[in-house]
Amino acid sequence: MTREEVILAVKDIITTIAPDEELDGLNADERLRDQIELDSMDFMDIVMELRKRYGVQVPEEDYKELASLNSCADYLGPKMADLELKVGA
């Protein structure tokens, strides 16, 4: 997966978890929680979807790496490099 595909995958998961949130104007460098309504349960659902869709395990100590779209791409990119984008899964 490319960096852009990783960001699309994360956005698709967020859309599944929080369908009422508007994601088009997100600043990729700003914390997601500062831009959209995500509580701790939503965040856990995102982590679970990453594992379900892509087999990516995110240990609790690495949750901070998923704060923004760019940090998600930095952290998840190497883990998802050989995977296919699954939109709407």
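Residues numbered from 1 in each chain as written. Predicted model: local features only at pLDDT ≥ 70, side-chain atom pairs only at ≥ 80, totals over all residues. Heavy atoms only, no water.

Trainee: What's the story with the overall build of the chain in this structure? I'm lost.
Mentor: Scanning the chain from terminus to terminus reveals 4 helices and 0 strands. In the chain, the order of α-helices and β-strands from amino to carboxyl end is α-α-α-α. The C-alpha radius of gyration computed for the chain amounts to 12 Å, which stays within 12% of the reference 12 Å derived for 89 residues, consistent with globular compactness. By principal-axis analysis of the C-alpha atoms, the chain measures approximately 30 × 25 × 25 Å. Relative to its 89 residues, the chain shows a buried fraction of 42%. For the chain, contacts bridging at least 24 residues in sequence account for 60% of all contacts bridging at least 6. If you sum the accessible surface of the chain, you get close to 5,300 Å²; carbon and sulfur atoms cover 47% of it. A gap of 5 Å separates the mean positions of the 10 positive and 22 negative side-chain charges of the chain. (Helix = DSSP H or I, 4+ residues; strand = E, 2+ residues; numbered from the N terminus. Rg over C-alpha atoms; globule rule 2.2 N^0.38 Å. Buried < 20%, exposed > 50% of the residue type's maximum accessible area, 1.4 Å probe, protein only. Contact = heavy atoms within 4.5 Å. Areas by Shrake-Rupley, 256 points an atom, 1.4 Å probe, with all protein chains shown as cover. Lys, Arg positive; Asp, Glu negative; His and termini not counted. Charge placed at Lys NZ, Arg CZ, Asp CG, Glu CD.)

Trainee: Please explain helix α3 (residues 40-54) as it appears in this structure.
Mentor: Because an α-helix completes one turn every 3.6 residues, residues spaced three or four positions apart along the sequence face the same direction. Taking 1.5 Å per residue, 15 residues should reach 21 Å; α3 reaches 21 Å between its end C-alpha atoms and fits that length. Along α3, the residues that are buried comprise Asp-42, Phe-43, Ile-46, Val-47, Glu-49, Leu-50, Arg-53 and Tyr-54. End-on view of α3: buried residues confined to an arc of 160 degrees, all on one side of the axis. Summarising the geometry of α3, the exposed residues directed more than 90 degrees from the buried face are Met-41 and Lys-52. Of the surrounding elements, those touching the buried residues of α3 are α1 (3-17), α2 (32-35) and α4 (69-80). (Expected span 1.5 Å × (residues − 1). Arc of directions from axis to C-beta.)

Trainee: How should the environment of Pro-59 be read in this particular structure?
Mentor: Mapped onto the elements of the fold, Pro-59 is located in the loop between α3 and α4. In this structure Pro-59 comes out as partly exposed when scored by relative accessible area, which is 31%. Along the chain, Pro-59 and Val-47 lie 12 residues apart, while their C-alpha atoms are 9.2 Å from each other.

Trainee: Could you clarify how one ought to interpret the nonpolar core in this entry?
Mentor: In summary, soluble globular proteins display a tendency toward joint burial of nonpolar side chains. Judged by nonpolar contacts, the single largest core of 29 residues is most densely connected at Leu-50, Tyr-54, Val-58, Leu-66, Leu-76 and Met-80. Top contributing element to this core by residue count: α1, with 7 residues. Residues contacting Leu-76, with those up to four places away along its chain left out, are Val-6, Val-10, Leu-50, Val-56, Val-58 and Leu-66. (Core = buried A, V, L, I, M, F, W, Y, C linked by side-chain atoms within 4.5 Å.)

Trainee: Please explain the packing of aromatic side chains as it appears in this structure.
Mentor: Centre-to-centre distance and the angle between the planes together describe a pair of aromatic rings. Taken as a whole and judged by the stated rule, the model has 1 aromatic pair. Measuring from centroid to centroid gives 5.4 Å for Phe-43 and Tyr-63, while their planes differ by 70 degrees, and the two rings are edge-to-face. Placement of Phe-43 in helix α3 and of Tyr-63 in the loop between α3 and α4 is noted, with a sequence separation of 20 residues between them. On the accessibility criterion, Tyr-63 (19% relative accessible area) is buried. (Phe/Tyr/Trp six-rings, centres within 6.5 Å; stacked < 30°, edge-to-face > 60°.)

Trainee: Please clarify how the side chain of Arg-53 should be interpreted in this entry.
Mentor: Mapped onto the elements, Arg-53 comes out in helix α3. Separated by 2.9 Å, the side chains of Arg-53 and Thr-16 make a polar contact. (Polar contact = N/O pair within 3.5 Å; in protein donor to acceptor, adjacent residues only side chain to side chain.)

Trainee: Can you help me understand the side chain of Ser-71 in this one?
Mentor: Structurally, the position occupied by Ser-71 is in helix α4. Taking relative accessible area as the criterion, Ser-71 reaches 18% and is therefore assigned buried.

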